[in-house]
Every structure is written in structure tokens, then in C-alpha cells.
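So you can see what is in the structure, the chains are spelled out below.
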Amino acid sequence: MTNGTTQYPRTAANASFEAQMVTVNHPCHPLFGGRFELQHMERSRDGKTLAVLRDGAHVFKLPLAWTDAAPADPFVVQAAGRSLFRPVDLLAVAELVERLRRQEV
């Protein structure tokens with residue numbers, strides 16, 4: 001373990017994992033829609049991060065949740081496009097608005 005992250009070793013057993021391609025699906029990311037070769041996954045206190053290869057030479061890191069490699073959100077699957085917002089996100093916005101209101105007084 002180094003700097004709070006765990007790097008998973010590359011082994012023959014992970015050969016199919018290493019060749020996996022991931023797509024950036026976060027709509028605000030500048031590389032949205034880009035497909036990149038997965039190099040490895042790291043675990044840190046902030047969650048899982050993927051190291052991906054760009055242009056065949058540069059490795060950069062993305063949160064797992066910003067890619068199509070993340071497990072599907074059960075609420076999003078069940079809502080099937082009928083809801084614009086997840087309840088957990090609406091609650092976070094409501095808490096933020098309340099904190100901002102308290103600061104204005």
C-alpha cells in the first residue's frame with residue numbers, strides 16, 4: 001500500500017481485465033464519450049479509481065463512477081428515464097441550499 005492506494009498486480013489471471021476498454025460517461029468531463037484501454041484499478045479512501053491509457057502513451061486516472069465500468073445505479077435502472085434526479089442527489093441539494101440560507105442571515 002502506497003499513499004493510501006492499493007494497486008492490483010498485473011498477472012496472467014487478469015489478462016482479460018487488462019485488455020478491457022472503458023468509456024468516459026460523465027457528461028461534464030472533457031473526454032466524455034472517449035474510449036480508453038484500462039491499465040489497472042486502484043482503491044483509495046475516495047473510492048475506486050481507474051488508470052487508463054490515452055493515445056497509447058499517457059496514463060491518467062478517472063473515478064470508476066465516471067466510466068461505463070461502474071455498476072449500474074439500481075435507482076436509475078428502475079426509473080428507466082422517468083426520473084430526472086435520484087433522491088439521494090435531491091437530498092444533497094436540499095442540504096446545500098439550507099446551509100447557504102443559514103450563511104446569508
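This one's a predicted model, so the numbers in the text were calculated from it and none came from an experiment. (Residues numbered from 1 in each chain as written. Predicted model: local features only at pLDDT ≥ 70, side-chain atom pairs only at ≥ 80, totals over all residues. Heavy atoms only, no water.)

Looking at the side chain of Thr23
Rule in force here: Starting at the N terminus, helices and strands are each numbered in turn, a helix being any DSSP run of H or I of at least four residues and a strand any DSSP run of E of at least two. Contacts are assigned to residue pairs that have any heavy atoms within 4.5 Å of one another.
Looking at where Thr23 falls in the secondary structure, it is placed in strand 2 (residues 21–23). Every residue in contact with Thr23, bar those within four places of it in the chain, is listed here: Gly33, Gly34, Arg35, Trp66, Thr67 and Asp68.

Regarding the pattern of salt bridges
Where charged atoms from two side chains of opposite charge approach closely, those side chains can pair. Put simply, the rule reads: We define a salt bridge as a contact between a side-chain nitrogen of Lys or Arg and a carboxyl oxygen of Asp or Glu at a distance within 4 Å. Three exposure classes are used, based on accessible area relative to the maximum for each residue type with a 1.4 Å probe and protein chains only: buried under 20%, partly exposed in between, and exposed over 50%.
Scanning all chains against the criterion turns up 5 salt bridges. The partner of Asp55 in a salt bridge is Arg54, with the nearest N and O atoms 3.9 Å apart. Exposure remark for Arg54: the relative accessible area of 35% places this residue in the partly exposed category. Across the pair Glu98 and Arg102 runs a salt bridge, and its minimum N-O distance is 3.7 Å. Of this pair, Glu98 and Arg102 both sit in helix 3 (residues 87–104), separated by 4 residues, roughly a single helical turn. Take Arg102: its relative accessible area is 57%, and that puts it in the exposed class. Look at the salt bridges and you will find they share partners, linking Asp73, Arg86 and Asp89 into a network.

Quick look at the pairing of strand 4 (residues 47–54)
This is how the line gets drawn: Pairing between strands requires that DSSP locate at least two bridges from one strand to the other.
Two elements, strand 3 (residues 35–44) and strand 4, share 7 bridges in a ladder whose sense is antiparallel. In the strand pairing of strand 4, Glu37 is matched with Leu53. If you look at the hairpin formed by strand 3 and strand 4, you'll find 2 residues sitting between the two strands. Counting the residues that bridge the hairpin from strand 4 to strand 5 (residues 58–63) gives 3 residues, and of these Asp55 lies at a positive phi of roughly 55°.

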